[in-house]
Amino acid sequence: MQFFGGSEISPSPPVPTASGNNAHMMYIFNRNGVCLLYREWNRPLRTLDSNQDHKLMFGLLFSLKSLTAKMDPSSTEKGNLGVPQLPGQGCSFHSFRTNTYKLSFMESPSGIKIILVTHPNASDLKESLKYIYNLYVEYVVKNPLYTPGTPIRSELFNTTLDQYVRGLG
């Protein structure tokens, strides 16, 4: 069963747009900012310890979401900068690109945040992030041994995720 998009998880995920491993790292956060999963595939340089890295990434997301909501030209009610919004509420961002990486972001209705950092030339990854979220639901959320809010330790999820992400462009 697919939880984003209305159809079942198909054996054929979104087609990668290029060959090779262009994914650098991925984070999955819950709504409280707890990092449930952190994976690296092609991160050339480590500069921080993992705790600092997770806090900075979640802080970046929080700030960008607040900024985009504040700058939303279609809303007359801007709210206070820094006040969290419900998923799907107001203006949101999906990705940004620098000269060295592209950060793609998706937030589920339940507040799960998936961040994928790739090569700057990677194409739009919205469908890929939805597919990853559906893998998370199938292999983690539906697992009776998983306790919500704890780090993800599912070998089946990690293996399937690795296979999929290594093919992304």
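In the block above lies the structure referred to throughout.
Each value, and the rule that gives it
Residues numbered from 1 in each chain as written. Predicted model: local features only at pLDDT ≥ 70, side-chain atom pairs only at ≥ 80, totals over all residues. Heavy atoms only, no water. Helix = DSSP H or I, 4+ residues; strand = E, 2+ residues; numbered from the N terminus. Expected span 1.5 Å × (residues − 1). Buried < 20%, exposed > 50% of the residue type's maximum accessible area, 1.4 Å probe, protein only. Contact = heavy atoms within 4.5 Å. Pairing = 2+ DSSP bridges. Axes fitted to C-alpha atoms, helices over the stretch in contact; angles between N-to-C directions. Parallel < 35°, antiparallel > 145°, perpendicular 65-115°, else oblique. Left-handed = near helix turned anticlockwise from the far one by under 90°. Nonpolar A, V, L, I, M, F, W, Y, C, P; charged D, E, K, R; others polar. Polar contact = N/O pair within 3.5 Å; in protein donor to acceptor, adjacent residues only side chain to side chain.

**Student:** Before we move on, can you summarise helix α2 (residues 126-141) with the specific residues and values?
**Tutor:** Taking 1.5 Å per residue as the helical rise, α2 with its 16 residues ought to reach 22 Å, and the 21 Å between its terminal C-alpha atoms agrees with that figure. Along α2, the residues classified as buried are S128, L129, Y131, I132, Y133, N134, L135, Y136, V137 and V140. Packing partners of the buried residues in α2 comprise β1 (23-29), β2 (35-40), β4 (102-107), β5 (113-118) and α3 (155-165).

**Student:** Residues and numbers for the pairing of β2, please.
**Tutor:** Strand direction decides the pairing type here: β1 and β2, joined by five bridges, are antiparallel. By the bridge assignment for β2, F29 is matched with C35. Taking the residues that link successive antiparallel strands as the turn, the β1-β2 hairpin has five residues, and the phi of G33 there is positive, at about 90 degrees.

**Student:** Tell me what's going on with the packing of α2 against α3, and back it up with residues and numbers.
**Tutor:** The geometry of α2 relative to α3 is characterised by a closest axis approach of 9 Å and an angle of 165 degrees between their N-to-C directions. When the axes of α2 and α3 are compared, the pair comes out roughly antiparallel. Considering how the two elements wind past one another, α2 and α3 form a crossing that is right-handed. Here S128, Y131, I132, L135, Y136, Y139 and V140 of α2 come into contact with α3, specifically with L156, F157, T160, L161, Y164 and V165. When grouped by side-chain class, the residues that make up the contact of α2 with α3 number eleven nonpolar, two polar and no charged.

**Student:** Describe helix α1 (residues 50-70), naming the residues involved and giving the relevant values.
**Tutor:** With 21 residues, α1 ought to run about 30 Å at 1.5 Å a step, and its terminal C-alpha atoms sit 30 Å apart, in line with that. Looking at the packing, one finds that the buried side of α1 touches β1, β2, β4 and β5. Near the N-terminus of α1, the side chain that reaches the backbone nitrogen of N51, with its oxygen 3.0 Å away, is that of D49.

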